[in-house]
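Working through the structure, step by step
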Amino acid sequence: MTGKTPEVLALQPVATVVTLAERAQLIAGLAERRWDLLAEDDDPGARGRARQLREHVRTYVLPRVAAVELPLIVVLLGPTGAGKSTLMNTLARAPVSRTGVLRPTTREAVLLATDPDAEVLLRSALAGMPEGRLVRAPAAAARAGLALVDAPDLDSIERANRVVADALVEAADLGIFVTTATRYADKVPFDVLQRIAERGLPLLIVVNRLPTDDAEREVVLADFRKVLAGTPLRGLDDSRIEIIGIDEGQLGSSGESFTPDAAARVLARVDELAADRERRVALAKRALAGALAGLDPLIASVAADVEREAAEAEAVRAIARNAYDAELAALVEEMRGGTFLRTEVLRHWESYVKADQITRFFSRGLGRLRGTIVTAIRGMPEAPVGVMEREVSSDVVAATVSRATEAARRVAGEWSSRPRSAVRLARDPSLWSASPDLAARLEPRLREWVASIATEVQARGAPKRDLAFGVSLGVNALAVAAMVGVFAHTAGVTGTELGIVAATGFLNQKLLQAIFGEAAMREMIAGARERLEALLRDEFDRERRRYDKLVADPAELRDLATGLRGVRVALEP
């Protein structure tokens, strides 16, 4: 083991993963990421495949990585009545597994291992076995470094037996497949052979009850080889599958084991492994490589699931993004035209800037008033600062909530036609309108925005402190004038042409222009507008994120799919 975490390995390019252990850790990290990105209402098939990958890696692959130098697990597999238990007793050189003709003969898996080996394996490679389905044979017949397991029948009528057998296929380092001269082409055992091939499990094949006639014997074995021809099974030492035949009736005196001569080749192969630690480790590594390669089809399926989810997430997020972008653009246009402002609000300010002293001021200009400044400020009306700030802010809030509600309605309407999105919408009815707290969020931010305008007015007016008229109007009044300019800036169009909005804007511009000059006035209004639009954009993004968070991040899904595609392991020929 390298000591690197799955999270660190998941960030490495696949080309840098040079050991089986690192590759297993990388797959484990990707499997965990996949599981974490799933929601309860995601496609059941995709959830099942993600769960299978995660549990498979955690239950079988990682324990085997940790135990690659631990006892070798040899599993005897085969259909009912093929002679697995008989071969088990032969390899153990003792009656450790019950034999018989009733279906199913082997109801539990039987483990033959020394006590220290069994203890280690039950904590690691065999830890994923269903509870109570693995029994220990007397350890006296066991050999250190080698664990023999007699699996339940592959074609058992009892589903629990098949589950145990499937689990052992995943945990094994070497499989010994036992069949008979009449059962080798049965569908269920052959399907298991296909799975063993996909899993990359090294295998020996024993054909029991062969005809004693040499010619007939060869016919059966030749036909069996044809059956296996398209199956990429891996042999014990190389890609060539070794088929060992045992003739009919070659049983010992007890009937519970084969004669030593009949099973001599199998005994020799197992004894070699028991005696040679290096060969056991090499075989265990080959089995691990096969286990990783055997995950390829499942990893490919999970990657395809992730890619489909990424496409769906992009589609539904695009619906939300387009709806909110469109409504924000409409709101900004509405703000710039000032049409959202109520007439009575505009009348307040229009009445102020049309007052005799104010009108006379900007019609005559500052230069002509400097000599009579005291006279000029007599009778100056009080600016309706508080009323304008409250009323304009209220109108901005109302317009924003209205547009955000329309965006929410559009998103929810389109999402409701998509099954999974509809389920998520149903859990939160508030998604059909703007957030309940949107108005409350906006109000303090708009006050801060008005305050920022006042700060800029004060900064721009500092060089003109000698202008008593500007000072007498007050910073707050000029800030309100700039605020009104954001919504009613006519750019040269007269009030008579555009009505109350343009009329108020025209007079308001004259006031600001007289004090600050045209260029400074335009800069100040443009800056205030940019800050307001940024504020509104931020709030609309926050509103949109209510929908975004209901689906996984498409970029993260795409990255995960790329990672999954990159860890596929090719078996050596």
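Residues numbered from 1 in each chain as written. Predicted model: local features only at pLDDT ≥ 70, side-chain atom pairs only at ≥ 80, totals over all residues. Heavy atoms only, no water.

1. A closer look at the overall build of the protein chain
Keep this limit in mind: Secondary structure is summarised from DSSP: a helix means a run of H or I of at least four residues, a strand means a run of E of at least two, and numbering begins at the N terminus for each. Here the term buried applies to any residue with accessible area under 20% of the maximum for its type, exposed to any over 50%, and partly exposed to those in between, with areas from a 1.4 Å probe on protein chains only. Residues are treated as being in contact if the distance between any of their heavy atoms lies within 4.5 Å. Here, Shrake-Rupley sampling with a 1.4 Å probe gives the accessible areas, and only protein chains in the shown set may cover a residue.
Regarding its fold elements, the protein chain presents 24 helices and seven strands. Taken over 573 residues, the protein chain has a buried fraction of 53%. Summarising the internal contacts of the protein chain: among those between residues at least 6 apart in sequence, 79% fall at separations of at least 24. Total accessible area on the protein chain stands at roughly 25200 Å², and carbon and sulfur atoms take up 52% of it.

2. Considering the pattern of salt bridges
Selection criterion: Should a side-chain nitrogen of Lys or Arg be within 4 Å of a carboxyl oxygen of Asp or Glu, the pair is scored as a salt bridge.
Counted under the stated rule, the structure contains 48 salt bridges. A salt bridge links Asp-41 to Arg-424, with the shortest nitrogen-to-oxygen separation between them at 3.0 Å. One end of the pair, Asp-41, is in the loop between α2 (20–36) and α3 (44–66); the other, Arg-424, is in helix α17 (residues 419–426), with 383 residues separating them in the sequence. For Asp-41, a relative accessible area of 16% translates into the label buried. The residue Arg-531 makes a salt bridge to Glu-456 at a minimum N-O spacing of 3.6 Å.

3. A closer look at the environment of Glu-309
In this fold, Glu-309 is placed in helix α11 (residues 296–337). In this structure, the C-alpha to C-alpha distance between Glu-309 and Asp-553, residues 244 residues apart in sequence, is 9.6 Å. The residues contacting Glu-309, other than those within four sequence positions of it, are Arg-34, Leu-38, Asp-42, Ala-46, Arg-420 and Leu-557.

4. Observations concerning α3
Put simply, the test is: In a helix, the anticipated span is given by 1.5 Å times the number of residues less one. We define the bend at each residue as the angle formed by axes fitted to the 7 residues ending at it and the 7 residues starting at it.
Here α3 spans 32 Å end to end across 23 residues, near enough to the 33 Å set by a 1.5 Å rise per residue. At Val-57, α3 shows its strongest bend, of approximately 40°. By the burial criterion, the buried members of α3 are Ala-46, Arg-47, Ala-50, Leu-53, Arg-54, His-56, Val-57, Tyr-60, Val-61, Pro-63, Arg-64 and Val-65.

5. Notes on the sheet that holds strand β6 (residues 203–210)
To keep things clear, this is the line we draw: Strands are treated as partners if at least two bridges between them are detected by DSSP. The axes used here are C-alpha line fits, helices contributing only the stretch in contact, and every angle between their N-to-C directions lies in the interval 0 to 180 degrees.
Strand order across the open sheet formed by seven strands is β3-β2-β4-β1-β5-β6-β7, with mixed pairing between neighbours. Edge positions in the sheet fall to β3 (134–136) and β7 (242–247), since each of these pairs with one other strand and no more. Across the sheet, the mean angle from the axis of one strand to that of its neighbour is 25°, orientation sign disregarded. With three bridges joining them, strand β2 (residues 109–112) and β3 adopt parallel strand pairing. Residue Ala-109 lies in a different strand from β3, and its bridge partner there is Leu-134. Across the face of the sheet, helix α5 (residues 115–123) comes into contact with β1 (72–77), β2, β3 and β4 (146–150) while running at roughly 165° to β3.

6. Quick look at unusual backbone geometry
The phi angle at Arg-93 is positive, at roughly 55°, despite the residue not being glycine. Residue position: Arg-93 is located in the loop between α4 (84–92) and β2. The phi angle at Arg-209 is positive, at roughly 60°, despite the residue not being glycine. Among the structural elements, Arg-209 can be located in strand β6. Arg-209 sits in the partly exposed class, given a relative accessible area of 34%.

7. Comments concerning the packing of helix α6 (residues 159–171) against helix α7 (residues 187–199)
Operational definition: Working rule for angles: under 35 degrees goes down as roughly parallel, over 145 as roughly antiparallel, 65 to 115 as roughly perpendicular, anything else as oblique. Two helices that cross are described as forming a left-handed crossing if the nearer one is turned anticlockwise from the farther one by less than a right angle, and a right-handed crossing if clockwise.
Two elements in contact, α6 and α7, have axes separated by 10 Å at closest approach and are oriented at 25°. On the basis of their axis angle, the class for α6 and α7 is roughly parallel. Of the two possible hands of crossing, α6 and α7 adopt the one that is right-handed. Residues Val-169, Glu-170 and Ala-171 of α6 form the contact with α7, whose own contacting residues are Arg-195, Ile-196 and Arg-199.

8. Here we look at the nonpolar core
Here is the rule we go by: Remark: nonpolar core denotes a set of buried residues (Ala, Val, Leu, Ile, Met, Phe, Trp, Tyr, Cys) joined through side-chain atoms within 4.5 Å.
The biggest cluster of nonpolar side chains holds 96 residues, and the ones touching the most others in it are Leu-53, Trp-349, Trp-449, Phe-487, Tyr-547 and Leu-564. Per-element accounting of this core gives the leading share, 16 residues, to α11. With near-sequence residues (within four places) excluded, Phe-487 lies in contact with Met-335, Arg-336, Gly-337, Gly-338, Phe-340, Leu-341, Val-392, Val-396, Trp-449, Val-501 and Leu-532. In this structure, Ala-113, Val-149, Leu-168 and Ala-172 belong to the second largest nonpolar core, which totals 44 residues.

9. A closer look at a negative patch on the surface
Keep this limit in mind: Patches draw on residues past 30% relative accessible area with no salt bridge. Two like charges within 9 Å are joined, as are two nonpolar side chains (Val, Leu, Ile, Met, Phe, Trp, Tyr) within 5 Å. Positive: Lys, Arg. Negative: Asp, Glu. His and the chain ends are not part of the count. Charged side chains are reduced to one point each, which is NZ for Lys, CZ for Arg, CG for Asp and CD for Glu.
A cluster of acidic side chains, namely Asp-213, Asp-214, Glu-216 and Glu-218, defines a negative patch on the protein surface. Looking at the element boundaries, Asp-213 is found in the loop between β6 and α8 (214–228). Classification of Asp-213 by relative accessible area gives partly exposed; the value is 38%.

10. Digging into the pairing of β1
Counting buried positions along β1 gives six out of six residues, so the element sits mostly inside the fold. Judged by which residues are buried, β1 turns out to be covered on both faces: Leu-72, Val-74 and Leu-76 on one side and Ile-73, Val-75 and Leu-77 on the other are all buried. The pairing of β1 with β4 spans five bridges and is parallel. The residue bridging Leu-76 from the neighbouring strand is Asp-150, located in β4. Bridge count for β1 against strand β5 (residues 174–180) is four bridges, and the pairing is parallel. Of the residues in β5, the one forming a bridge with Val-74 is Leu-174.

11. Overview of α11
Taking 1.5 Å per residue, 42 residues should reach 62 Å; α11 reaches 60 Å between its end C-alpha atoms and fits that length. Of the residues trailing α11, Gly-338 is marked for its positive phi of about 70°.

12. Quick look at the confidence of the model for the protein chain
Note the threshold: The quantity called pLDDT is the predictor's confidence in a given residue, expressed from 0 to 100.
Scored by pLDDT, the protein chain has a mean of 82; 84% of the residues are at 70 or more. The model gives residues 1–17 a pLDDT under 50, and that stretch makes 22 contacts with residues more than four places away or in other chains. Considering only residues more than four positions removed or in separate chains, one finds that residues 101–105, a stretch of pLDDT under 50, has eleven contacts.

13. Side note on the pairing of β7
Two faces make up the sheet, and in a regular strand the side chains alternate between them. Burial runs high along β7: six of the six residues are buried. Residue alternation in β7 divides its side chains into two sets, Glu-242, Ile-244 and Ile-246 and Ile-243, Gly-245 and Asp-247, and both sets are buried. Looking at chain direction, β6 and β7 are connected through five bridges and run parallel. Among the inter-strand pairings, Ile-205 is bridged to a residue of β7, identified as Ile-243.

14. Details of the packing of α4 against helix α9 (residues 264–275)
Short version of the rule: Just so you know the grouping, Ala, Val, Leu, Ile, Met, Phe, Trp, Tyr, Cys and Pro go in nonpolar, Asp, Glu, Lys and Arg go in charged, and all remaining residues, Gly too, go in polar.
Direction vectors running N to C along α4 and α9 enclose 55°, while the axes themselves pass 10 Å from each other. As far as their axial angle goes, α9 and α4 are oblique. Considering how the two elements wind past one another, α4 and α9 form a crossing that is right-handed. Taking contact as the criterion, the partners of Leu-87, Thr-90 and Leu-91 in α4 are, on α9, Val-266, Leu-267 and Val-270. Of the residues that constitute the contact of α4 with α9, the class distribution is five nonpolar, one polar and no charged.

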